[in-house]
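# Observations on the model geometry
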Amino acid sequence: MMTIRQTTTTIAAVLMLASPAMAQQRSLGPSTGTVRIEQVQAGFIASGEAGGGTLRYQGRSYPITVGGIGIGSIGASRSVASGTVYGLRRVSDFAGPYVQLKEGWAVGGAGRGTTWLRNDKGVTLRLATRRQGLQLQLGADGVLIGFRN
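To keep things clear, this report deals only with the structure shown in the data block. Remember, it's a predicted structure, so these values are computed and weren't measured experimentally.

Our focus in this paragraph is the environment of Gly113. By the element assignment, Gly113 lies in strand β4 (residues 110–119). Taking the C-alpha atoms as reference, Gly113 lies 8.9 Å from Ala81; in sequence the two are 32 residues apart.

In total, this model carries one cavity of 30 Å³ or more according to the counting rule given. For the largest cavity, the lining is made up of 14 residues, of which Gln39, Ala81, Gln100, Thr115 and Leu127 are closest to its centre. Of all elements in the fold, only β1 (31–57), β2 (60–86), β3 (96–108), β4 and β5 (124–147) reach the threshold of two or more residues within the lining of the largest cavity. A per-class count over the lining of the largest cavity returns six nonpolar, five polar and three charged.

We now examine the nonpolar core. A general feature of soluble globular proteins is that nonpolar side chains tend to end up buried together. Formed by 18 residues in total, the largest nonpolar core has its most connected members in Phe94 and Leu125. Mapped by element, the contributors of at least two residues to this core are β1, β2 and β5. The element best represented in this core is β2, accounting for five residues. Those residues in contact with Phe94 that sit more than four places away from it in its chain are Val35, Leu55, Ile64, Val85, Leu88, Asn119, Val123, Leu125, Ile145 and Phe147.

What counts as what
- Residues numbered from 1 in each chain as written.
- Predicted model: local features only at pLDDT ≥ 70, side-chain atom pairs only at ≥ 80, totals over all residues.
- Heavy atoms only, no water.
- Helix = DSSP H or I, 4+ residues; strand = E, 2+ residues; numbered from the N terminus.
- 1 Å grid on protein atoms, 1.4 Å probe; cavity = no way out; pocket = protein on both sides within 12 Å on 5 of 7 lines; lining within 4 Å.
- Points joined across faces, edges and corners; volume = space filled by probe spheres on them.
- Nonpolar A, V, L, I, M, F, W, Y, C, P; charged D, E, K, R; others polar.
- Core = buried A, V, L, I, M, F, W, Y, C linked by side-chain atoms within 4.5 Å.
- Buried < 20%, exposed > 50% of the residue type's maximum accessible area, 1.4 Å probe, protein only.
- Contact = heavy atoms within 4.5 Å.

Remember, this is a structural readout, not a statement about activity or role.
Dropping the structure here:
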């Protein structure tokens with residue numbers, strides 16, 4: 001039987017997952033860049049992830065780091081995510097904390113998912129994810145993105 005806290009957490013995750021779908025229906029504006037992220041994820045209800053990638057913005061490439069913790073994951077996987085950046089006005093607005101909403105799965109070499117990230121500066125990432133491993137995800141994370149030196 002679910003506790004009130006578990007029920008509240010589940011409802012909050014479902015509502016948060018509905019927000020990206022609604023945001024997609026409204027215009028996010030024009031694409032302002034692209035991003036590719038490779039990371040390793042593991043979890044048993046709580047989850048953690050670490051990795052890096054590349055931001056392409058105004059014809060330049062910027063190496064990035066990615067790390068985070070969250071809820072709604074069981075198992076472990078390696079993922080490659082790529083997609084579109086919206087709302088990026090200055091490259092410095094890209095780094096910082098994001099809220100990540102995710103759904104996906106991995107069984108062996110087959111797996112996929114969708115990830116939305118948004119920061120407090122109005123930058124939104126919409127990513128298609130390919131996964132390998134054994135994992136089921138439906139939840140939210142806090143993600144910190146930085147630039148590699």
